[in-house]
Amino acid sequence: MGSFRFALTGNPNSGKTSIFNAATGANQKVGNWGGVTVDVKEGNIRRGNDRVTLIDIPGTYSLSAYTMEELVAREVIIKGDADVIINVLDSTNLERNLYLGVQVMEMGRPMVLAFNMSDELKRSGTVIDTEALSRLFGIPIRFTVGRNGEGVRELLDEAIRVAKGEHPATRQVSVNYGKEIEAAIESLAELVEKSSFNLRGISPRWYALKLLERDDEILRKVRERVPADSPDDNVIFKELESRSKEIEQLYGEDAATIISERRYGFIIGALNETVNKPKANRINISEKIDDVLTNRFLAYPIFAFFMWILFQTTFGLGAYPMAWIESGITALGNWIGTTMPPGAIRDLLTDGVIAGVGGVLVFLPNILILFLGISILEDTGYMARIAFIMDKVMHRIGLHGKSFIPLVMGVGCSVPAIMAARTLESKKDRILTILIAPLITCSARLPVYILFTGAFFPNIAGNVIFILYFLSFLFAFGMGWLFRKTLFRGEEYPFVMELPPYRIPTFRSALIHMWEKAKHYLQKMGGVVLIFSIIIWFLGNYPKQPEMEKQYDTMIAEQREQGHQEEVQALQRELKRKQVMQSYIGKAGTFIEPVLAPLGFDWRMDVSLMTGFVAKEVVVSTLGVLFTAGNEEGKEESGTELRDALRDAYSPLVGFAFLIFVMLYTPCIVAFVTLVKEVGSWKWSIFSLGYQLTLAWIAAFIVYRGGIILGLG
C-alpha cells in the first residue's frame, strides 16, 4: 500500500487533459501554482491498495520555457514533488512529441510514456514496436485513448510499478551529442555538482545542457544560488564561455542549435528502428474536412453559421427548462409570501433572495447549453481551426491567430481569456490582447441579453443575441487596430498554429468540460449574487419612512373598505416607488442619473449597472429586486412579469442601448483583478477601465440618439 503523486505533462493537444478526466472523473480540484495564476488541476484516485494524486500541469512543447505556463510546467517537473512523470504523447506525431519526453528523460526523473490517440494510430496503419522503443529510451510505454479511457488504468498501474522501483524497463539513457559537446557537458556537470548549487535531485548533466543552451531561467538560478564572489561562480561561467566559443567556432552554430539537432537525430533514429509506417496513398480525414472548413471562401460563412446555430440553440432549446425553473421560483416565492407573516424576514426572502438569485438561476439552462456547445467545438478540434482562419483578420490589427484563442475563450468567461494571453511570447501582444479580451461578450452577460431580448425582441431574440456577440468581436478588433496604430507600434511576431486532427468528442468528456465552466456560474449564484441581492434589498428598503408609510396605510385602508381593489393596488405601487426613490439605492441612482440620462437610462438601470461591476449577473438580480415595487405585497415577481415590467418602463430603443452598454462596459471585479495581475501595471489597468466605460457610453449614446433621429424611439 502506498501514496503517490503523478504529474501529467505533454504537448498541447496531446490529449493530456482527456486522460486526466478519464482517470479522475469529477473527483478533481483546481488550484494555482506558487503565487501565479496558472491553473494546476489535481485529482485523487485509488488503484487497489494504492492512493494516487494525479496532477494535470499546463501543456508545453519543451523544457525551454518562454511563457508563464511553460515555466510552471517545468517547475513542477524540476521541483520533484511528483514520484513519476507521465508524459502524454500524440502517437500520430511522435517525432515532435518525443522532444519533451527526451528532455524529461535527461533530467533523470522516473517516467512513463503514454502513447495517446492509439485508435487513430491503428487507423493510419502505423505499427510501433513499443517493447524495442521502450528499451531504447529506458522508459515504460503504454498505449491509451484518452477520450474513452482505454488503457488509462493500465497506464496508472505501470506508473505505480515505476514509483515502487519494480519496473524492469526503467534505466537511465543519455543522448550522445558528439565528442566536443559531450566534453563540455561532462566538464560543466562536474563543476555544477561540486558547487554550492542545489541540484534538487536532478542529474547535473541536465543542468550542464541547460547552461550550454543558454536557458535564461537556469542561468539566473545559478547566478542567484552561487555567490558572485565565490570561486564556483567564476569557474562555472568561465568554463561555459570557453566551451560555448569552442563549439561555435567548430560547428559555425551555437551550442543550443547543435543540441536540438542531436536530440531530434536521436528521436528519428529510434523511430526509424521501431516504427513501420504504411505508404501514404490517401488524404486523411482531417485534411478532407479542412479542405471545406478552412477554405478561403467558405471558412468565414461556415464559422458564422456555427455561431448562429449555437446562439439559436442556446435561446430556443433553453427556453423550455428556463420556463420550468421560472415557474418553480415563482411558486416558491408565492408560497413564502402567503405562509410567512409580514415582516422584514419575509420581504428579504421574497424581494431579496428569491427575486435576486432566482432571477439569475432561471438562465442556468442557457448557460449550460452555451458551454456544452463551446466544449464540443474545443473537443472536436474546430476551435484551433477558428484561430487559423482568423489569422488574416487578426493580422489587420497587428496580432495573429494565436491571439484569437483568448478572445474565443472570452465567450465563456473573461478571467480565463485574460489569463490565456500569457501563452503569447511578445509582451506587446499580451497586453494588447488583454486590453481587448474583456470586450468579448462573456457568459455572465448572457442573462442580461436573454432578459432584455425576451422583453423587447421576443420573436427574434436568438438573432439579436447573435448580433451582440458579433458586435463585441467587431469592437474588439476595432479597438485592437486603434491601439496597435497608436500605443503598440512595432514589429509583429510570426507564429505557427498547430491544427490537431479532428476527433469525435465523447459525451462524458463534453459534460466534464461543460461542468468545469458552468460551476463557476453556480458558485457566483451562491456567493456574489446572493450577497449582493441581500445588499441591494437592504439598500432599496432602508431607511424607512414611517410617516409616509402611515399616511399611505390610511389611504389604502379607506379604499379597501370601499372595495376599490384597483385603487388599493395603485396606492401600493406608488408607496413602493416612493420608498425605493427615498432609499439609499434610490438616492445613489438619482445621483448618477445625469451621467447616463443622455442614453435614455433611468435610475434603476443606473443602479443595476453600478452593481454589475461586481458580476454581470447581478444586473438581472438588481432589476429583479428593484422592479418588485410593481407587485402586490408578498407576491413574488416571475421572470415573465419582470420582462413585462421592463417592456412597460422602457422602449425597445432604450432596451437595445442598454444592451450595447452592458456589452462594452467594464467586466466584473474578478476579471479586473485578474487583468491587474496579468499586465502587472496599474497604468494599463486604469486605462482599461476608463476606455471601456467611455466606449460603452459613446456607443450607447450613438444608438439611442441615432435611433431617436431616425424615428425609432
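The rules we used
- Residues numbered from 1 in each chain as written.
- Predicted model: local features only at pLDDT ≥ 70, side-chain atom pairs only at ≥ 80, totals over all residues.
- Heavy atoms only, no water.
- UniProt positions renumbered as here; feature names shortened; annotations may be inferred.
- Helix = DSSP H or I, 4+ residues; strand = E, 2+ residues; numbered from the N terminus.
- Contact = heavy atoms within 4.5 Å.
- Axes fitted to C-alpha atoms, helices over the stretch in contact; angles between N-to-C directions.
- Parallel < 35°, antiparallel > 145°, perpendicular 65-115°, else oblique.
- Left-handed = near helix turned anticlockwise from the far one by under 90°.
- Nonpolar A, V, L, I, M, F, W, Y, C, P; charged D, E, K, R; others polar.
- Phe/Tyr/Trp six-rings, centres within 6.5 Å; stacked < 30°, edge-to-face > 60°.
- Buried < 20%, exposed > 50% of the residue type's maximum accessible area, 1.4 Å probe, protein only.
- Lys NZ or Arg CZ within 6 Å of the ring centre and 35° of its normal.

Enquirer: Explain the UniProt feature "binding site: GTP 4" (unreviewed entry) in the protein chain to me, please; I cannot follow it from the model alone.
Expert: Under the present numbering, the feature "binding site: GTP 4" (unreviewed entry) in UniProt falls on Asn-116, Met-117, Ser-118 and Asp-119. Examined against the element boundaries, Ser-118 turns out to sit in helix α4 (residues 118–124). Ignoring any residue separated from it by four or fewer positions in sequence, one finds Ser-118 in contact with Ser-91, Phe-143, Thr-144 and Val-145. As for its position among the elements, Asp-119 is in helix α4. Sequence-distant contacts of Asp-119, that is, excluding residues within four places in its chain, are made with Val-145 and Arg-147.

Enquirer: Would you explain the packing of helix α31 (residues 652–664) against helix α33 (residues 682–709) in this entry?
Expert: When two helices pack together, their arrangement is given by the angle between the helix axes and by the axis-to-axis distance. In contact at an axis separation of 8 Å, α31 and α33 are set at 165° when each is read in the N-to-C sense. In this view, α31 runs roughly antiparallel relative to α33, as classed from their interaxial angle. Of the two possible hands of crossing, α31 and α33 adopt the one that is right-handed. Contacts from Leu-653, Val-654, Phe-656, Ala-657, Ile-660, Phe-661 and Leu-664 in α31 reach Gln-692, Leu-695, Ala-696, Trp-697, Ala-699, Ala-700, Val-703, Tyr-704, Gly-707 and Ile-708 in α33. The class makeup of the residues in the contact of α31 with α33 is 15 nonpolar, 2 polar and no charged.

Enquirer: When you look at the packing of aromatic side chains in this model, what are you seeing that I'm missing?
Expert: To describe a pair of aromatic rings, one takes the distance between the centres and the angle between the planes. Counted according to the given criterion, the structure contains 30 aromatic pairs. Centroid distance Phe-473 to Phe-477: 6.3 Å. Interplanar angle 55°. Geometry classified as tilted. Taken as a pair, Phe-473 and Phe-477 lie in helix α23 (residues 461–486) at a separation of 4 residues, close to a single helical turn. In this structure, Phe-473 and Phe-477 share a single accessibility class: buried. Taking 6.5 Å as the distance between ring centres and 55° as the angle between the ring planes, the aromatic pair formed by Phe-613 and Phe-672 counts as tilted. Here Phe-672 lies in helix α32 (residues 669–679) and Phe-613 lies in the loop between α28 (603–611) and α29 (617–626), a separation of 59 residues in the sequence. Residue classification places Phe-613 among the partly exposed residues on the basis of a relative accessible area of 27%. Taken together, the aromatic side chains of Phe-452, Phe-456, Phe-457, Phe-601, Phe-656, Phe-658, Phe-661 and Tyr-665 make up a single cluster linked through ring pairs. Taking the ring centre of Tyr-542 as reference, the NZ or CZ of Lys-544 above it sits at 5.0 Å.

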